[in-house]
Amino acid sequence: MSYIKTSDVFNSVQQLPPDALFNLKARLSKDPRPLKVDLGIGAYRDNNGKPWVLPSVVKAEKLITSDPNYNHEYLGISGLPQLTKAAAKTIIGHANFDHDRIISVQSLSGTGALHIASKFLSIIPTTKSKTVYISDPTWINHVNIFENEGFKVEKYPYWDYENKCLNFDAMLSYFQSIENGGIILLHACAHNPTGMDPTETQWRQILDVMHEKDHFVLFDSAYQGFASGSLEKDAFAIRLAVNEKLRDSCLLICQSFAKNVGMYGERVGCFHVVLPEGGNPSVSTSVLSHLNKITRSEVSNPPAYGAKIVSTILTNEELTNQWHKDLITMSGRIKEMRYKLRDHLVTLKTPGNWDHIVQQCGMFSFTGLNSEMAQRLEKKHAVYITGNGRASIAGLNEGNVEYVAKAIDEVVRHFQEQSKL
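Because the structure is a prediction, the values reported are computed rather than measured.

A. A nonpolar patch on the surface, seen in detail. A cluster of nonpolar side chains, namely Ile4, Val9, Phe10 and Val13, defines an oily patch on the protein surface of about 430 Å² accessible area. When its relative accessible area of 66% is taken as the criterion, Phe10 is described as exposed.

B. Broad picture of the pairing of strand β2 (residues 102–108). Of all the 7 residues making up β2, 6 are buried; the element is thus mostly covered by neighbouring parts of the structure. Summarising the sheet, β2 and strand β10 (residues 268–274) pair through 7 bridges and their orientation is antiparallel. What sits directly across from Gln106, in β10, is Cys270.

C. Representation of the pattern of salt bridges in the model. One pass over the full model with this rule turns up 14 salt bridges. Here Arg33 ties to Asp31 by a salt bridge, and the two come within 2.7 Å at their closest N and O atoms. Overall, the relative accessible area of 27% leaves Arg33 in the partly exposed class. Looking at Asp31, the relative accessible area reads 8%, which means it is buried.

D. Just the packing of aromatic side chains, in detail. Enumeration over the complete set of coordinates arrives at 10 aromatic pairs. Geometrically, the ring pair formed by Tyr223 and Phe226 is tilted, given 6.3 Å between the ring centres and 50° between the ring planes. Comparing Tyr223 with Phe226 shows no difference in burial state: the two are buried. With centroids separated by 6.4 Å and ring planes inclined at 90°, the aromatic side chains of Tyr223 and Phe364 adopt a geometry described as edge-to-face. With Tyr223 in the loop between β8 (216–221) and α8 (231–234) and Phe364 in strand β11 (residues 364–366), the pair connects residues that are 141 residues apart, well separated along the chain. Classification of Phe364 by relative accessible area gives buried; the value is 3%.

E. Just the state of the cysteines, in detail. Under the counting rule described, the total for this entry stands at 0 disulfides. Take Cys165: it sits in no disulfide, and the sulfur closest to it among the cysteines is that of Cys361, at 15 Å. Free of any disulfide, Cys361 has its nearest neighbouring cysteine sulfur in Cys189, separated by 6.8 Å. Judged by its relative accessible area of 23%, Cys361 falls in the partly exposed class.

F. Representation of the pairing of strand β4 (residues 152–157) within the structure. In terms of strand pairing, strand β3 (residues 131–136) meets β4 through 6 bridges, oriented parallel. Bridge pairing in β4 places Asp136 opposite Pro157.

G. Expanded view of the confidence of the model for the chain. For the chain, per-residue confidence averages 93 on the pLDDT scale, and residues scoring 70 or more make up 98% of the total. The element-level mean pLDDT for the chain is lowest in helix α1 (residues 20–30), coming to 89, with helix α11 (residues 305–315) highest at 98.

H. Seen up close, the sheet that holds strand β9 (residues 251–256). Strand order across the open sheet formed by 7 strands is β2-β10-β9-β8-β7-β3-β4, with mixed pairing between neighbours. Edge positions in the sheet fall to β2 and β4, since each of these pairs with one other strand and no more. For this sheet, the mean angle separating the axes of adjacent strands, direction not counted, is 25°. The sheet contacts of helix α4 (residues 109–123) involve β2, β7 (183–187), β8, β9 and β10, and relative to β2 the element is tilted by about 125°. Against the sheet, helix α6 (residues 168–177) contacts β3, β4 and β7, and its axis sits at roughly 135° relative to β4.

I. Examining helix α9 (residues 236–245) more closely. Of all 10 residues making up α9, 8 are buried, and the element is well covered by its neighbours. Turning to α9, its buried residues are Phe236, Ala237, Ile238, Arg239, Leu240, Ala241, Val242 and Lys245. As for α9, its buried residues are in contact with α3 (81–92), α7 (200–212), β8, α8, β9 and β10.

J. Spotlight on the packing of α11 against helix α12 (residues 317–347). For the pair α11 and α12, interaxial distance at closest approach is 5 Å and the crossing angle is 95°. Here α12 runs roughly perpendicular to α11, going by the angle between their axes. On α12, the residues that touch Thr312, Ile313, Leu314 and Thr315 of α11 are Glu317, Leu319, Thr320 and Trp323. Taken together, the residues of the contact of α11 with α12 break down into 4 nonpolar, 3 polar and 1 charged.

K. Molecular detail of the packing of α6 against α7. Running from N to C, α6 and α7 cross one another at 15°; their axes reach a closest spacing of 9 Å. With respect to α7, the element α6 is oriented roughly parallel. As α6 runs across α7, the sense of the crossing is left-handed. The residues of α7 that touch α6, namely those facing Phe168, Met171, Leu172, Phe175 and Gln176, are Gln202, Gln205, Ile206, Val209 and Met210. Among the residues making up the contact of α6 with α7, the classes are represented as 7 nonpolar, 3 polar and no charged.

Rules of the game
- Residues numbered from 1 in each chain as written.
- Predicted model: local features only at pLDDT ≥ 70, side-chain atom pairs only at ≥ 80, totals over all residues.
- Heavy atoms only, no water.
- Patch = residues over 30% accessible without salt bridge, like charges linked within 9 Å, V, L, I, M, F, W, Y side chains within 5 Å.
- Areas by Shrake-Rupley, 256 points an atom, 1.4 Å probe, with all protein chains shown as cover.
- Salt bridge = Lys/Arg side-chain N within 4 Å of Asp/Glu carboxyl O.
- Buried < 20%, exposed > 50% of the residue type's maximum accessible area, 1.4 Å probe, protein only.
- Helix = DSSP H or I, 4+ residues; strand = E, 2+ residues; numbered from the N terminus.
- Pairing = 2+ DSSP bridges.
- Phe/Tyr/Trp six-rings, centres within 6.5 Å; stacked < 30°, edge-to-face > 60°.
- Disulfide = S-S within 2.5 Å.
- pLDDT = per-residue confidence, 0-100.
- Axes fitted to C-alpha atoms, helices over the stretch in contact; angles between N-to-C directions.
- Contact = heavy atoms within 4.5 Å.
- Parallel < 35°, antiparallel > 145°, perpendicular 65-115°, else oblique.
- Nonpolar A, V, L, I, M, F, W, Y, C, P; charged D, E, K, R; others polar.
- Left-handed = near helix turned anticlockwise from the far one by under 90°.

In C-alpha cells form, the structure reads like this:
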C-alpha cells in the first residue's frame, strides 16, 4: 500500500451538493428584491410574516428564569424526566397510560429522535430487515438518516401525483405484498410534504395490515396539535396503535416540539419505545441502557433550556391551557391561508383544480407545481418553494397571499402556452 502524506489525505474528498432546503433559504436571503415570499422553510409566521413566540412559551420562560433554583447544570443522559414523562403522555394519552410499556429519552428534536431510532434499530439483532420503507414522497432527511446507518431505503406508494390525493389502495396493497417484519415509517399527521393524511377509517385498515404482517412500525410525529389544533385528533393513529391495534407489538415514536411549541432552534424532542402489553419487564432496563449509550457517545446529554420550557408548559395547567389556545391560533391561521390561496386561484381562473390545497392539512401543501415551475416562481416573482412543489402555507399572510396566487397563475399559464408550441 502506497503511503499518503498527511497533507494530501483530504485531497480526494469530493464536495457534496448543498442541502436543497437551506440552500433555498440562502438564495432568498441574498435576493435584493423588496417583495419576496419564503414558502420553503417550515417555520410558522404570524400575519405580518414575522416569527411568533407562543404566549405559553413567554410565560414559561418567565417562570423558569424567576425560579431561585434556576441553573444551567447538565441534565442526565436520558434527559429531563419531567419532559420525557409528560411528552409520552401527551402523545400516547393520559387514559390507561402504562408506564411499564414506555421507555422515553430526550432527543435533539425530531431529527435527533429519528437518528436514535436508526441507531437503535441497527443494533437489534432480531429485526428481520435492514430495509426501511418510507412514503413516496417523504421528508428528505428520512432518507439521509437511515442510509447513514447502513439501511436500504425503499419507497411505498403514498401520493397520487395525477389526481393530487392519497394513493391509499396502492399503499395498502404494497404493505400487504412485502415480506413480513418490514420496518415501516409512518407520518402520524400532517404528512410532509403532501399535507394529506389517511382518514381514521383508513388508519384502522393500515394498522390492521401492520399487525397481520408483523411489520415493525416507526411513527414520526412532528406536528401534533399543529395540524388540526387538537392534540387528540393529531395523535389518533399513534393512540390507536398503542392502545388497540398493536398492543402485542413493539413500536417506536419520534416526537418533535419544534413546530407545535415553536422550539425550532432549541431542538426539543423525545424518542419513545413502546413494548408489547404483558411483556418481560426487564426489557425496559435493557432498552434504556442502549438508548443512553447512543446519547452518551454522541452528545453526552441533551440540552436543558428548551426542555425546561416545554416541560413547564406540559405540566402547568394554566400554561397547558394557553398552549392549546396557541395551537388553535397557528393551525387556524394556516387553514385560513389555504382557503384564501385556493379562492384567489379560482377567481383568477388559474388552469387546473386547486381544491387539494384545502383538502390537505398542516404546514405544507404539495401544490402540484413541478421543478421548472418552482424555478420560474423564484426567478420571475421571488416566490420561493422547494423543487418538488412543496409550499409552506405558514409563510402566507394577508399581505402576500394574493401576490402568490397571481405568481402561480402566471407560471401555470406560461408553461401551458409553452406546451402548445
